[in-house]
Amino acid sequence: MSTGNLDFEQFRVFLEKACGILLGENKQYLVSSRLNKLMEQQGIKSLGELVQRIQTQPRSGLREMVVDAMTTNETLWFRGSLEEQGVARSDQGGPRPALADLVGGVLVGSGTVFAVDVDR
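Residues numbered from 1 in each chain as written. Predicted model: local features only at pLDDT ≥ 70, side-chain atom pairs only at ≥ 80, totals over all residues. Heavy atoms only, no water.

Another point: the overall build of the protein chain. Counting secondary structure elements, the protein chain contains four helices and three strands. Going residue by residue from the N terminus, the α and β elements of the protein chain occur as α-α-α-α-β-β-β. (Helix = DSSP H or I, 4+ residues; strand = E, 2+ residues; numbered from the N terminus.)

Between helix H3 (residues 47-56) and helix H4 (residues 62-71), the shortest axis-to-axis distance is 9 Å and the interhelical angle comes to 135°. Judged by the angle between their axes, H3 and H4 are oblique. Contact residues: H3 offers Leu50, Arg53 and Ile54, while H4 offers Leu62, Arg63 and Val66. Tallied by class, residues from the contact of H3 with H4 come to four nonpolar, no polar and two charged. (Axes fitted to C-alpha atoms, helices over the stretch in contact; angles between N-to-C directions. Parallel < 35°, antiparallel > 145°, perpendicular 65-115°, else oblique. Contact = heavy atoms within 4.5 Å. Nonpolar A, V, L, I, M, F, W, Y, C, P; charged D, E, K, R; others polar.)

Tallied over the full model, the rule gives one aromatic pair. Ring centres 5.8 Å apart and planes at 45° place the aromatic pair phenylalanine 11 and phenylalanine 14 in the tilted group. Placement of both phenylalanine 11 and phenylalanine 14 in helix H1 (residues 3-19) is noted, with a separation of three residues, approximately one turn of the helix. Judged by its relative accessible area of 0%, phenylalanine 11 falls in the buried class. (Phe/Tyr/Trp six-rings, centres within 6.5 Å; stacked < 30°, edge-to-face > 60°. Buried < 20%, exposed > 50% of the residue type's maximum accessible area, 1.4 Å probe, protein only.)

The subject of this paragraph is helix H2 (residues 28-42). Structurally, the α-helix is built with 3.6 residues per turn, so residues lying three or four positions apart point the same way. In this model, H2 (15 residues) spans 19 Å end to end at C-alpha, consistent with the 21 Å of a helix rising 1.5 Å per residue. The largest bend in H2 is about 50°, located at leucine 35. Buried within H2 we find Val31, Leu35, Leu38 and Met39. Downstream of H2 by a residue or two, glycine 43 has a phi angle that is positive, lying close to 70°. (Expected span 1.5 Å × (residues − 1). Bend = angle between axes of the 7 residues up to and from the residue.)

Looking now at H4. Within H4, burial applies to Leu62, Val66, Val67, Ala69 and Met70. The buried residues of H4 occupy one face: seen down the axis, they fall within an arc of 160°. (Arc of directions from axis to C-beta.)

Printed below as a string of structure tokens:
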């Protein structure tokens with residue numbers, strides 16, 4: 001495994017512990033696109049250095065900036081109306097979902113969409 005792959009694996013572990021996101025092994029492009037600007041602004045050259053700095057400087061705010069950058073726009077798909085999303089409500093003749101169907105991180109039950117925004 002190359003140094004870059006080890007750095008990415010270290011970052012994947014950090015992100016899962018920090019906010020519960022499980023990144024696939026093929027998501028380097030996503031991490032790069034989300035963090036390049038932040039890393040450049042902070043003078044950080046690798047994901048390994050980023051994780052190390054977060055661990056050694058926990059009060060710097062860097063952890064929060066990284067989590068924000070990695071989670072931005074992840075829930076955009078459900079911010080519109082149900083009709084815009086093509087989701088039929090049960091009171092409009094649509095199928096009634098099971099009480100605990102989990103669809104894309106949103107709990108759907110009894111024709112209502114519930115979402116939770118967790119901070120930390």
